[in-house]
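Secondary and tertiary structure notes
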Amino acid sequence: MSKSVAAGRGFVTSADIVVASTIIFFNFLSVFFNFVTLIVIYRIRTFHNSFGAFCAARSISECVIGVIFCFMVSPMILKQPTAVPQSLLVVIALVVNYLSVICLVSHFTLSVNRFVAIYFPVRNSLFTRGKTVAMILLMLLTAFLLHLLYLVDSCSLLAFSLQLYSFVNTDCALIHSEDSLLADVIMNHFNRVVSVLFVAVDLLILAKIVAWLLKHMKSNRNTQVKRDIRFFVQVTLNIRTGLLSAYFRL
């Protein structure tokens, strides 16, 4: 992709204003709600477990992405500078994509965590503190290794385009077909597989919870019903975000 497309066009259009305003609005909401989530996780001991840790990892990643788009990307879209270094746009793309992978894998680990808690409650020792830390470190390492693929072929490097409002490949990628960009192919397949997997797992969890709710409501076991409702809300929210992730990656 031409450097001129990645950098600004030198003047601002009405579309730039609309796009930048939309980005600021939604990412500000994302930062706010994820920050609230982090406060809740910190202050409520119920979430001082593996579920809370995975939620925190996802929320921190989403907060950082929101800050980048609110305070770095949006102002540049509104100014459309032509002299912006392409290296800066590349770094923005890599950081955002790295954090996006962490968010995606966090969704999956949350799904697995709920799946074990629902289907195999006596085996929930799988998510001890040590194992949870190891899973989070593995998650960070996986995202890092995936992004090393961009160093295999510099043409696969992404940059954020201030004119197209999306990620584009750098200049020399023009000589390749899209299917020959190793990093893009592997990253896209990874995102699709993980998205489909955790949505499928969440649907299985949801089916189990609904069955439990129907059973326990008849037997008036209020404590169990409240627990199931809490799980129902958690999984439903996870499916909502999961479906959005899967939609944008398929």
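Residues numbered from 1 in each chain as written. Predicted model: local features only at pLDDT ≥ 70, side-chain atom pairs only at ≥ 80, totals over all residues. Heavy atoms only, no water.

Observations regarding the overall build of the protein
The condition that has to hold: A run of H or I in DSSP becomes a helix once it reaches four residues, and a run of E becomes a strand once it reaches two; helices and strands are each numbered from the N terminus. The classification of residues rests on relative accessible area computed with a 1.4 Å probe and restricted to protein chains. Under 20% of the type maximum is buried, over 50% is exposed, and intermediate values are partly exposed. We call two residues in contact whenever any of their non-hydrogen atoms come within 4.5 Å of each other.
Counting secondary structure elements, the protein contains seven helices and two strands. Counting from the amino terminus, the protein carries its helices and strands in the arrangement α-α-α-α-α-β-β-α-α. Counting all 250 residues of the protein, 42% fall into the buried class. Across the protein, the fraction of contacts at a sequence separation of at least 24, relative to all contacts at a separation of at least 6, is 77%.

Some points on the environment of G8
Secondary-structure assignment places G8 in the loop between α1 (3–6) and α2 (14–43). Relative accessible area serves as the criterion here: at 6%, G8 is assigned to the buried category. Distance from G8 to S161, taken between C-alpha atoms, is 7.8 Å for residues 153 residues apart in sequence. When neighbours within four sequence positions are excluded, G8 is seen to be in contact with Q80, P81, T82, V84, L162 and Q163.

Concerning the confidence of the model for the protein
To keep it simple, the criterion reads: A residue's pLDDT is the predictor's confidence in that residue, given on a scale from 0 to 100.
Overall, the prediction assigns the protein a mean pLDDT of 78, with 77% of residues at 70 or greater. Model confidence for the protein, summarised as mean pLDDT per element, is weakest for helix α7 (residues 222–249) at 50 and strongest for helix α3 (residues 50–79) at 91. Below a pLDDT of 50 lies the segment residues 173–179, which in the model reaches eight contacts outside its immediate sequence neighbourhood of four places, other chains included. Below pLDDT 50 for its whole length, residues 242–250 participates in 16 contacts with residues either more than four positions away or in separate chains.

So, the packing of α3 against helix α5 (residues 129–152)
Let me state the cut-off plainly: Angular values range over 0 to 180 degrees, each being the angle between N-to-C directions of two axes fitted as lines to C-alpha atoms, with helices fitted over their stretch in contact. Reported orientations rely on four angle classes, namely roughly parallel under 35 degrees, roughly antiparallel over 145, roughly perpendicular from 65 to 115, and oblique for the rest. Each helix crossing is assigned a hand: it is left-handed if the near helix lies turned anticlockwise from the far helix by less than a right angle, otherwise right-handed if that turn is clockwise. When residues are sorted by character, Ala, Val, Leu, Ile, Met, Phe, Trp, Tyr, Cys and Pro go into the nonpolar class, Asp, Glu, Lys and Arg into the charged class, and all the rest, Gly among them, into the polar class.
Running from N to C, α3 and α5 cross one another at 20 degrees; their axes reach a closest spacing of 10 Å. Comparing the axis directions of α3 and α5 gives the class roughly parallel. Every pair of crossing elements has a handedness; the one defined by α3 and α5 is right-handed. Within the contact between the two elements, α3 uses S50, A53, F54 and A57 and α5 uses T132, M135, I136 and M139. Here the contact of α3 with α5 is composed, by residue class, of six nonpolar, two polar and no charged.

Considerations on the UniProt feature "transmembrane region" (unreviewed entry) in the protein
So the rule is basically this: UniProt positions are given in the numbering used here, feature names are shortened, and annotations may be inferred rather than shown by experiment.
Under the UniProt annotation, the feature "transmembrane region" (unreviewed entry) is placed at residues 17–42, 54–77, 89–112, 133–152 and 193–214. Regarding residues 54–77, the helix share stands at 100% and the strand share at 0%, and the terminal C-alpha atoms are separated by 33 Å. Helix makes up 100% of residues 89–112 and strand 0%, with an end-to-end C-alpha separation of 35 Å.

Re a nonpolar patch on the surface
The cut-off we apply is this: Put simply, a patch holds well-exposed residues, over 30% relative accessible area, that have no salt bridge, with like charges counted together within 9 Å and Val, Leu, Ile, Met, Phe, Trp or Tyr side chains within 5 Å. Computed with a 1.4 Å probe, the accessible areas rest on the Shrake-Rupley method; for each residue, only the protein chains presented here act as cover. What makes a salt bridge here is a side-chain nitrogen of Lys or Arg within 4 Å of a carboxyl oxygen of Asp or Glu, nothing more.
Nonpolar side chains collect at one region of the surface, where V12, I17, I24, F28, F32, F33, V36, V40, I44 and L78 lie side by side and expose about 830 Å² of accessible area between them. Inspection of the secondary structure assignment puts F33 in helix α2.

Quick look at the pairing of strand β2 (residues 166–169)
What counts, and what does not: A strand pair is defined by DSSP finding two or more bridges across the two strands.
Taken together, the four bridges between strand β1 (residues 158–161) and β2 define a ladder with antiparallel strand orientation. Each residue of the ladder has a partner; that of L158, found in β2, is N169.

Things to note about the nonpolar core
Note the cut-off: By convention a nonpolar core is built from buried Ala, Val, Leu, Ile, Met, Phe, Trp, Tyr and Cys residues, the set being connected through side-chain atoms within 4.5 Å.
Within the largest apolar cluster, 43 residues are counted, with the highest numbers of intra-cluster contacts made by F69, V73, I77, L89, I92, F160 and L162. Put simply, the parts of the chain that give this core at least two residues each are α2, α3, α4 (86–119), α5, β1 and α6 (182–219). Among the elements that make up this core, the one with the highest residue count is α4 (twelve residues). Setting aside residues no more than four positions away along its own chain, F69 makes contact with I23, N27, S74, V96, F160 and F167.

Looking at α3
The following threshold applies: A helix is expected to span 1.5 Å multiplied by its residue count minus one. Distance and chemistry together define a polar contact, namely a pair of N or O atoms within 3.5 Å, with one atom able to donate a hydrogen and the other to accept it when in protein, and with adjacent residues in sequence counting only for side-chain atoms on both sides.
Between its terminal C-alpha atoms α3 stretches 43 Å, which fits the 44 Å expected from 30 residues at 1.5 Å a residue. A side-chain oxygen of the first residue of α3 lies 3.2 Å from the backbone nitrogen of F51; this N-cap is N49. Trailing α3 by a residue or two, Q80 shows a phi angle of about 50 degrees, which is positive.

What to know about the side chain of Q80
Secondary-structure assignment places Q80 in the loop between α3 and α4. A distance of 3.0 Å separates a polar side-chain atom of Q80 from the backbone oxygen of I77. Residue contacts for Q80: discarding those within four places in its chain leaves G8, R9, G10, F11, V12, D16, L162 and Q163.

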